[in-house]
Amino acid sequence: MKASLEYSISPDEAVQPERLSTGVKGLDDMLGGGLPSKRCVLVCGGPGSGKTIFGIQFLCNGVTKYGETGLYITLDESPSKLSEDMAAFGWDLERLCKDNQLVIVDASPLRTIPADVKVGNFTIHKKDFSMLSLTHIIKNKAQEINAKRLVIDPITMFVLQYPEITERRNAIVNLFEGLADLGTTNLLTSELRVNVLEREIQPEEFLSDGVLVFHSFVDSGRVVKAIQIEKMRGISHDHELRPYKIVKHGIEVFARERIYK
Ligand SMILES: Nc1ncnc2c1ncn2[C@@H]1O[C@H](COP(=O)(O)OP(=O)(O)OP(=O)(O)O)[C@@H](O)[C@H]1O
Ligand SMILES: [Mg+2]
């Protein structure tokens, strides 16, 4: 009994993880201050749910409020189109890039690597090569600019390359370990293709440190958008579904409101 007491820590005295504000006040409230720093958080949502807007909001908040440099890896949208779309929210990505506060890397060519790659007697499969290249690009850029915040948008194509579950888990673990070495706080977006309330949970959700889900469903003929913190290791957080909107300054979360009264 005595021994177990010696090894116990009072929860009040335990060191709390450092937090990073997401730039979304209501979500920070749900998180009790913000995201735990230097972790990998998955942002899951359907088309148009606001994953990209949220990722950019997180990076712009880091730069403008805390002077933290950001790295954004785009796999779907071209940087020019992204800058154009985000200007509507008042985020001048081109200027942030010119001032070396933000770097946008277009990693979409990795989607179309034509064949397996031969290195001496070894063959690196196309999917492994693209994953290795992604990790390599991120590592180089993040170190070059001393990035504090990182967004990969989306990782879906990379994980879908691995239909076999063990391979998929290994690839994700390798990616997450690579990111952990960088000391950045990481958001990885993931496309949800089925109704979020009935979806199959993916291995990347188990492997990431946190999961935010952007839900969208119809209730009494009304489209309802709600955010849920599915998990966030190391911190206590709100577990409820809370409504959110995409408004002129980005994502807004109503942390005190409920979806079902
Ligand atoms: N200026 C704006 N003001 C308010 N809402 C906007 C504005 N621009 C876009 N939206 C909303 O945001 C949605 C797009 O958000 P976003 O691109 O972040 O979604 P996403 O989850 O990344 O989607 P995808 O999976 O297709 O990439 C649009 O469908 C629209 O509903
Ligand atoms: Mg998007």
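In the block above lies the structure referred to throughout.
Residues numbered from 1 in each chain as written. Chains lettered and ligands numbered in written order. Predicted model: local features only at pLDDT ≥ 70, side-chain atom pairs only at ≥ 80, totals over all residues. Heavy atoms only, no water.

1. Some details on the environment of P109
Thought 1: Along the chain, P109 turns up in the loop between β5 (102–106) and β6 (117–119).
Thought 2: Between the C-alpha atoms of P109 and S130, which are 21 residues apart in sequence, the distance is 9.4 Å. (Helix = DSSP H or I, 4+ residues; strand = E, 2+ residues; numbered from the N terminus.)

2. Re the pattern of salt bridges
Thought 1: All chains considered together, the criterion is met by 11 salt bridges.
Thought 2: Of the charged contacts in the structure, one is a salt bridge between K25 and D29, with a shortest N-O distance of 2.7 Å. Of the two residues, K25 and D29 both sit in helix α2 (residues 25–31), 4 residues apart, roughly one turn of that helix.
Thought 3: Taking relative accessible area as the criterion, D29 reaches 43% and is therefore assigned partly exposed. (Salt bridge = Lys/Arg side-chain N within 4 Å of Asp/Glu carboxyl O. Buried < 20%, exposed > 50% of the residue type's maximum accessible area, 1.4 Å probe, protein only.)

3. Topic: the site of ligand 1
Thought 1: Within the structure, ligand 1 sits among G46, P47, G48, S49, G50, K51, T52, I53, A88, F89 and I246.
Thought 2: Isolated, ligand 1 exposes 660 Å² of accessible area, and the fraction of that covered by the protein chains is 58%.
Thought 3: Classifying every residue of the shell around ligand 1 by side-chain character gives 5 nonpolar, 5 polar and 1 charged. (Near = heavy atom within 4 Å. Areas by Shrake-Rupley, 256 points an atom, 1.4 Å probe, with all protein chains shown as cover. Nonpolar A, V, L, I, M, F, W, Y, C, P; charged D, E, K, R; others polar.)

4. Looking at the side chain of R149
Thought 1: Mapped onto the secondary structure, R149 falls in strand β8 (residues 149–153).
Thought 2: Judged by its relative accessible area of 0%, R149 is buried.
Thought 3: Here S21 takes part through its backbone oxygen, which lies 3.0 Å from a polar atom of the side chain of R149.
Thought 4: From its side chain, R149 meets the backbone oxygen of F58 in a polar contact 2.7 Å long. (Polar contact = N/O pair within 3.5 Å; in protein donor to acceptor, adjacent residues only side chain to side chain.)

5. Re the pairing of strand β4 (residues 70–74)
Thought 1: Most of β4 sits out of view: 5 of its 5 residues are buried.
Thought 2: Along β4, one buried face is formed by G70, Y72 and T74 and the opposite face, lined by L71 and I73, is buried too.
Thought 3: In terms of strand pairing, β4 meets β5 through 5 bridges, oriented parallel. Bridge pairing in β5 places G70 opposite L102.
Thought 4: Summarising the sheet, β4 and β8 pair through 5 bridges and their orientation is parallel. Residue pairing for β8: Y72 is matched across the bridge by V151. (Pairing = 2+ DSSP bridges.)

6. Here's the deal with the sheet that holds strand β9 (residues 185–191)
Thought 1: The mixed open sheet is built from 9 strands, whose spatial order is β5-β4-β8-β9-β3-β10-β11-β12-β13. The sheet is open, and its two borders are formed by β5 and β13 (250–253), each paired with just one other strand. The sheet shows a mean angle of 25° between the axes of neighbouring strands, taken without regard to direction.
Thought 2: In this structure, strand β10 (residues 210–219) lies alongside strand β11 (residues 222–232), joined through 10 bridges in antiparallel fashion. Across the sheet, H215 pairs through a bridge with A226, a residue of β11. (Axes fitted to C-alpha atoms, helices over the stretch in contact; angles between N-to-C directions.)

7. Some words on the nonpolar core
Thought 1: L27, F54, L93 and L212 are the most contacted members of the largest nonpolar core, which totals 36 residues.
Thought 2: Of all the elements, helix α3 (residues 51–66) adds the most residues to this core, at 7 residues.
Thought 3: Beyond its immediate chain neighbours, meaning those up to four positions away, L212 contacts L27, V41, L42, V43, C44, F54, Q228, I229 and M232.
Thought 4: Core analysis: the second largest hydrophobic core is formed by 33 residues, A142, F158, V159 and L188 among them. (Core = buried A, V, L, I, M, F, W, Y, C linked by side-chain atoms within 4.5 Å. Contact = heavy atoms within 4.5 Å.)

Honestly, it's all geometry; don't read function into it.
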